[in-house]
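# Examining the three-dimensional arrangement
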Amino acid sequence: MSEPTPEHGTRVVVSPGRTVLGVDAVEKTGTYAARHGEKVLIVASQQIFDIHGERIVDALEGAGVEVATFTDVRPDPTVENVEAAHQVWDAEGCDVIVTLGGGSSIDVGKSVGILATNEGSIRSFGVDKAGYEGVPNPAPPIIAVNTTAGTGSETTRTAVLSDESTSTKFIIVSENIVPDVAIEDPELTRSLPKSHTAFTGIDAFTHAIEAFTSVKSYSVTDDYARDAMERIVDSLALAWSNGDNMKARTEMMIAQFKAGKAFGNSSVALVHGMARPLGAQLHIPHGLANGLILPYVVEFNSMAAPEKYAEVARLLGAADEFDGTRQAAAKAGDAVEQLCEDISLVDYLDEFGEVPSREEYLDVVPEMTQDAFDSGSPDNNPRTPTRDELEELFVTVYDDALAPDSRRRS
Ligand SMILES: [Fe+2]
C-alpha cells in the first residue's frame, strides 16, 4: 500500500469539522448554526430554495437564528455571482454561511467566506495568482447542506469559479475554506430527477477512481476511494432506477462523501481536465461530460497503474482472482463503460440538443486540449499524455460516444 511520498512531503488531510449524516440530518442545521453565530446567510439557487428552503429556514429560526437569503446561485457560478452574494452578506450583517445545494452553492458559499475575512477581489485568490493556501484568513463558519450525491465539495478545500471577463474557470485552494459542518441528508436527494442522479453519481465515481489512480494517491485516500467505488457499484443503479429507495440514496450519499474526501486529499486527474472544456463546448452537465470521457481515459491509463486498475476491474465484477494483474487492468475500461450503460448515461445527451458536426468538433479539439493541459489535472494522471495523445482521446470520445451514429449512442 502506498504512503505519502517524499516529493509530496507531509500530507494534510482535511474533512468538515462535523458531518451529520442520515435521514433528518437537515433538522440539525439550526443547532449547529446557533453554535456558530446569530445570523445566517443561506446561499442557494432559486430552484433549490423553492424545494428545500422552507425546511431549512424553519430549522434555523426554530433554533433562534436570524436568516437572510441569497437565492441567485447560478450553475458554474461567476465572480459577479459571488460578489452579489457577498453584498447581501455585508448588508445583512451575517456571521454564518449556510449553503443549500450541490457544488455551485458550496463554491459560492466558500467564496463569500473568503471575501468576508480577506482583502481583495475573489479572482486574486485563484491558485494561478495567489498559489495554494492563498487565502490568509479563515472564512467565517460554513455549514454545507448537501442536496446532491455527487459533488463532494462539502468535504474539500477547493472552490471553482468562472471568470466571465476571460471566459475561463479558476480554482481557489485553501484549508481556510473547508466547511465546518456538512449536513448529508439523503432525504434531500429523493427529489433529484433520474438524470441528475445519473450525472452526480458518475461524477462521484469519477472522483473516486481518479483519486485512487492519481500520482498523489496514498493509503489514506485509497481507503476512501475504494470504499466509495464499492458503494457506488452496489447502489447507483438502484438509486437511479428507484429514487425512493432510501437505502440506495443513503449509500450514494456516503459514497459521494467518501469520494470527496478521496479526491480532496489526493486529486482528480485527466478526466476532470478534459471534462471542463468538453462540458463547456457541448453545454452539458459536469457529470455527463465525465461519463462520456471516463472509459477512454481508463483504457489509456490502465497500463500505467495496472495494480490499481486491476482492483477497479475486480470491484466492478469484470475480473476475478484468476485474471492476472495486467489482464484484469485491461478490463477496467469496459467495466466502467458498463457502469455508465447501466444508468443509460449517454442517452441523456439527447436532452442537450444536437452535438456539433465532426468538422466543427475537430476545429475546437486543439483549444480543448490546451484547456485540459492548463487545468493542471493531467499532471496528476498516472500516464502523462502528449499533446497528440490528448487530442486523439478527444477525437475518440466524439467518434465512439458523441456522434449520433456512434457505437455508444446507437
Ligand atoms: Fe467532479
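Please read these numbers as outputs of a predicted model, since none were measured by experiment.

## Quick look at the nonpolar core
Judged by nonpolar contacts, the single largest core of 76 residues is most densely connected at L278, L292 and L402. Those residues in contact with L402, other than ones at most four positions away along the chain, are L278, L282, L292, L349, V355, Y361, V397 and R409. Among the nonpolar cores identified, the runner-up in size contains 25 residues, and V43, A68, A85 and I114 belong to it.

## Quick word on the pairing of strand β3 (residues 66–70)
Across five bridges, the pairing between strand β2 (residues 39–43) and β3 is parallel. Bridged to L41 within β3 is A68. The parallel pair β2 and β3 is bridged by helix α2 (residues 46–62), and the resulting crossover is right-handed.

## Points about helix α9 (residues 270–282)
With 13 residues, α9 should reach 18 Å at 1.5 Å per residue; the first-to-last C-alpha distance of 18 Å fits that figure. At R276, α9 shows its largest bend, some 25 degrees, and a proline, P277, comes one to four positions later. Burial analysis of α9 places 10 of its 13 residues in the buried class, the great majority of the element. Buried within α9 are the following residues: L270, V271, H272, G273, M274, A275, P277, L278, G279 and L282. Against α6 (194–213), α10 (286–301), α14 (358–374) and α15 (387–402) lie the buried residues of α9.

## Side note on the coordination of the iron ion
Taken together, D203 (OD), H207 (NE2), H272 (NE2) and H286 (NE2) make up the protein donors of the iron ion, found 2.2 Å from the metal. One can describe the site at the iron ion as irregular: its four donor atoms subtend angles covering 83 to 169 degrees at the metal. The sequence motif formed by the donor residues of the iron ion is D-x3-H-x64-H-x13-H. Taken together, the residues span a long stretch of sequence, with H207 in helix α6 and H286 in helix α10 at a distance of 79 residues. You can call H207 buried: its relative accessible area is 3%.

## What to know about the domain arrangement of the chain
Structurally, the chain comprises domain 1 (6–189) and domain 2 (194–402). Here domain 1 and domain 2 have C-alpha centroids that lie 25 Å from each other. Taken residue by residue, the interface counts 27 residues in domain 1 and 25 residues in domain 2. With both chains or domains summed, domain 1 and domain 2 bury close to 2,100 Å², and 59% of this area falls on carbon and sulfur atoms. For the pair domain 1 and domain 2, the number of links is zero salt bridges. Applying the counting rule to domain 1 against domain 2 returns 13 residue pairs in polar contact (both at pLDDT 80 or more). Those elements that place two or more of their residues in the side of domain 1 that touches domain 2 are β1 (18–21) and β7 (168–173). Looking at side-chain class alone, the side of domain 1 that touches domain 2 contains nine nonpolar, 11 polar and seven charged residues.

Rules and cut-offs
- Residues numbered from 1 in each chain as written.
- Predicted model: local features only at pLDDT ≥ 70, side-chain atom pairs only at ≥ 80, totals over all residues.
- Heavy atoms only, no water.
- Core = buried A, V, L, I, M, F, W, Y, C linked by side-chain atoms within 4.5 Å.
- Buried < 20%, exposed > 50% of the residue type's maximum accessible area, 1.4 Å probe, protein only.
- Contact = heavy atoms within 4.5 Å.
- Pairing = 2+ DSSP bridges.
- Helix = DSSP H or I, 4+ residues; strand = E, 2+ residues; numbered from the N terminus.
- Right-handed = clockwise from strand over helix to strand, strands pointing away.
- Expected span 1.5 Å × (residues − 1).
- Bend = angle between axes of the 7 residues up to and from the residue.
- Donors = N, O, S within 2.8 Å, 3.2 Å for Na, K, Ca; no water.
- Tetrahedral: all angles 85-135°; square planar, octahedral: opposite > 155°, others 65-115°.
- Domains from an automatic or database assignment.
- Buried area = accessible area lost by both parts, 1.4 Å probe.
- Salt bridge = Lys/Arg side-chain N within 4 Å of Asp/Glu carboxyl O.
- Polar contact = N/O pair within 3.5 Å; in protein donor to acceptor, adjacent residues only side chain to side chain.
- Nonpolar A, V, L, I, M, F, W, Y, C, P; charged D, E, K, R; others polar.

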